[in-house]
Amino acid sequence: MRPLDGVLVVSLEQAVAVPYATRLLADLGARVVKVERPEGDFARYYDTACGEVSSYFAWTNVGKESLTLDLKHPDARDVLRRLVATADVVLCNLSPDAARRLGVDAASLRQVKPDLVIGELSGYGQPGPYAARKAFDALVQSETGLIDLTGQDDVTARVGISVADIAAGVQLQSAVLAALLHRARTGEGATLGLSLFEAMAEWMHQPMLYAAGTGRAAPRTGAHHATIAPYGPFPCADGTVHVAVQNDPQWRRLCRLLDRPDLADDPRFTTVASRVAHRDELHAQLDFTRWTAADLLRALDEADVPAARTRGVADLPTHPQLVARDRRATVPVPGGHVTALRPPVDSSAWTWTPAPVPALGEHTDHVLHGLGYTPEQIAELRSRSAI
């Protein structure tokens, strides 16, 4: 038995943040009914990398049921009310105004079922001068200062994954689990409010505190660490190795490996702070080009100096560690199958089995049958374009 077996999550979701939260809940056994507009979650169509759906959609919608409803239609809203009355959790990332118009805001939902756990995700939160602004991942990266930190020298860069969406999704899932525990103990529901902006701001605490304490933001240093050195990628004979020297003992061991004891006692390089201050001179002294990547990693491991190979993302599914630990799984998607990764947490108390990514509206009839609709009533709803 999985921890959330028997828990019904109804999610009015699109894009990445809330779908990722509900995918994590589905991994733990929750039944997740994804309510989609008749044309579908627009994230289905971001790319065509996974059969008939996008890589984003395949990643965030494993194990869900797809129910299509046109919530502008009164009959569809009746369907949703009947579904909500059976639910434990309702999550929504419609805009606050749209949610109120459609009657899916927290106040309206709680009239249907008082003990619901309700999660509402907005862009910037309310109130405030940004309350009505649209917020997408890159915009939030900009507003929180993440893009200002990322890049090299005068060139800034967006982080290469949807980190603001992921931050919000992880924190929303955690809050839902806490709210379910609260309900089990007290019988009370809970309303959870979260914004993309504040989820990302939470992850920006360390650079924010560094800037406040030093009077300046850490410099942009590309793939090298802004405040530790040597900590970053260095070329070798057949690729790149990422060296991560975090303290003085590791630094001295690296100097011995390089047969450069003079570097260990050079006043420019004796502390982490001095090595950062003289980063360019330091890097000029570090030459790994006589090694292949495999030989260099072996030597660094033997010297107890942390390091890793810089690999391409296309190589991740065949990474030797993932292969050795059997972390890959075949997941059915509309129009085919993809090789995905198992959830990163293993448990002795439950197991995980890969489940399909749903086609648009694949489970509409099944969900409605479960709510007591007859085949004739379902056909009538379909003829009236409510579903």
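Relevant structure appears above.
Since this is a predicted model, take the numbers as computed values, not measurements.

## Quick word on a nonpolar patch on the surface
Together, Val313, Leu316 and Leu341 make up a nonpolar patch on the protein surface, roughly 290 Å² of accessible area in all. Its location among the elements puts valine 313 in the loop between strand S11 (307–309) and helix H16 (320–324).

## Overview of helix H8 (residues 163–186)
The α-helix winds at 3.6 residues per turn, so residues separated by three or four positions along the chain end up facing the same way. Here H8 spans 34 Å end to end across 24 residues, near enough to the 34 Å set by a 1.5 Å rise per residue. In the segment just after H8, glycine 187 is the residue with positive phi, at about 80°.

## Things to note about the sheet that holds strand S10 (residues 239–244)
Overall, antiparallel pairing links the three strands, which are arranged S9-S10-S11 in an open sheet. Each end of this open sheet is capped by a strand with a single partner; those strands are strand S9 (231–236) and S11. Neighbour-to-neighbour, the strand axes of this sheet turn through a mean angle of 25°, independent of strand direction. Two strands pair when backbone bridges link them, and S10 and S11 are joined in this way by three bridges, in the antiparallel orientation. Bridging from a neighbouring strand, histidine 242 pairs with alanine 308 of S11. In the packing of helix H15 (residues 293–302) onto the sheet, the strands contacted are S9, S10 and S11, and the crossing angle to S11 comes to about 160°.

## Re the state of the cysteines
Within this structure, the stated rule accounts for zero disulfides. Free cysteine cysteine 236: the closest other cysteine sulfur is in cysteine 255, separated by 19 Å. Taking the relative accessible area as the measure of exposure, cysteine 236 reaches 8% and is therefore buried.

## Structural notes on the sheet that holds strand S2 (residues 31–36)
Strand pairing in a sheet relies on backbone hydrogen bonds. The paired strands run either parallel or antiparallel. What the six strands build is an open sheet, ordered S3-S2-S1-S4-S5-S8; its pairing is parallel. A strand with exactly one partner marks an edge of an open sheet, and here the two such strands are strand S3 (65–68) and strand S8 (190–195). Adjacent strand axes in the sheet meet at a mean angle of 20° when their direction is disregarded.

## Describing the packing of helix H1 (residues 17–27) against H8
Contact geometry of H1 with H8 gives a least axis separation of 7 Å together with a crossing angle of 45°. With respect to each other, H1 and H8 are oriented oblique. Viewed along their axes, H1 and H8 form a crossing whose handedness is right-handed. Residues Ala17, Val18, Tyr20, Ala21, Leu24 and Leu25 of H1 form the contact with H8, whose own contacting residues are Asp165, Ile166, Ala168, Gly169, Val170, Leu172, Gln173, Val176 and Leu177. Tallied by class, the residues present in the contact of H1 with H8 amount to 12 nonpolar, two polar and one charged.

## Points about the side chain of lysine 64
You can see lysine 64 is positioned in the loop between helix H2 (55–60) and S3. The class for lysine 64 is buried, based on a relative accessible area of 3%. Of note is the side chain of lysine 64, whose polar atom sits 2.8 Å from the backbone oxygen of proline 19. A polar atom in the side chain of lysine 64 sits 3.1 Å from the side chain of asparagine 61. Non-local contacts of lysine 64, meaning those with residues more than four positions away in its chain, are made with Glu13, Pro19, Thr22, Arg23, Val32, Lys34, Pro356, Pro358 and His363.

Procedures and definitions
Residues numbered from 1 in each chain as written. Predicted model: local features only at pLDDT ≥ 70, side-chain atom pairs only at ≥ 80, totals over all residues. Heavy atoms only, no water. Patch = residues over 30% accessible without salt bridge, like charges linked within 9 Å, V, L, I, M, F, W, Y side chains within 5 Å. Areas by Shrake-Rupley, 256 points an atom, 1.4 Å probe, with all protein chains shown as cover. Salt bridge = Lys/Arg side-chain N within 4 Å of Asp/Glu carboxyl O. Helix = DSSP H or I, 4+ residues; strand = E, 2+ residues; numbered from the N terminus. Expected span 1.5 Å × (residues − 1). Pairing = 2+ DSSP bridges. Axes fitted to C-alpha atoms, helices over the stretch in contact; angles between N-to-C directions. Contact = heavy atoms within 4.5 Å. Disulfide = S-S within 2.5 Å. Buried < 20%, exposed > 50% of the residue type's maximum accessible area, 1.4 Å probe, protein only. Parallel < 35°, antiparallel > 145°, perpendicular 65-115°, else oblique. Left-handed = near helix turned anticlockwise from the far one by under 90°. Nonpolar A, V, L, I, M, F, W, Y, C, P; charged D, E, K, R; others polar. Polar contact = N/O pair within 3.5 Å; in protein donor to acceptor, adjacent residues only side chain to side chain.

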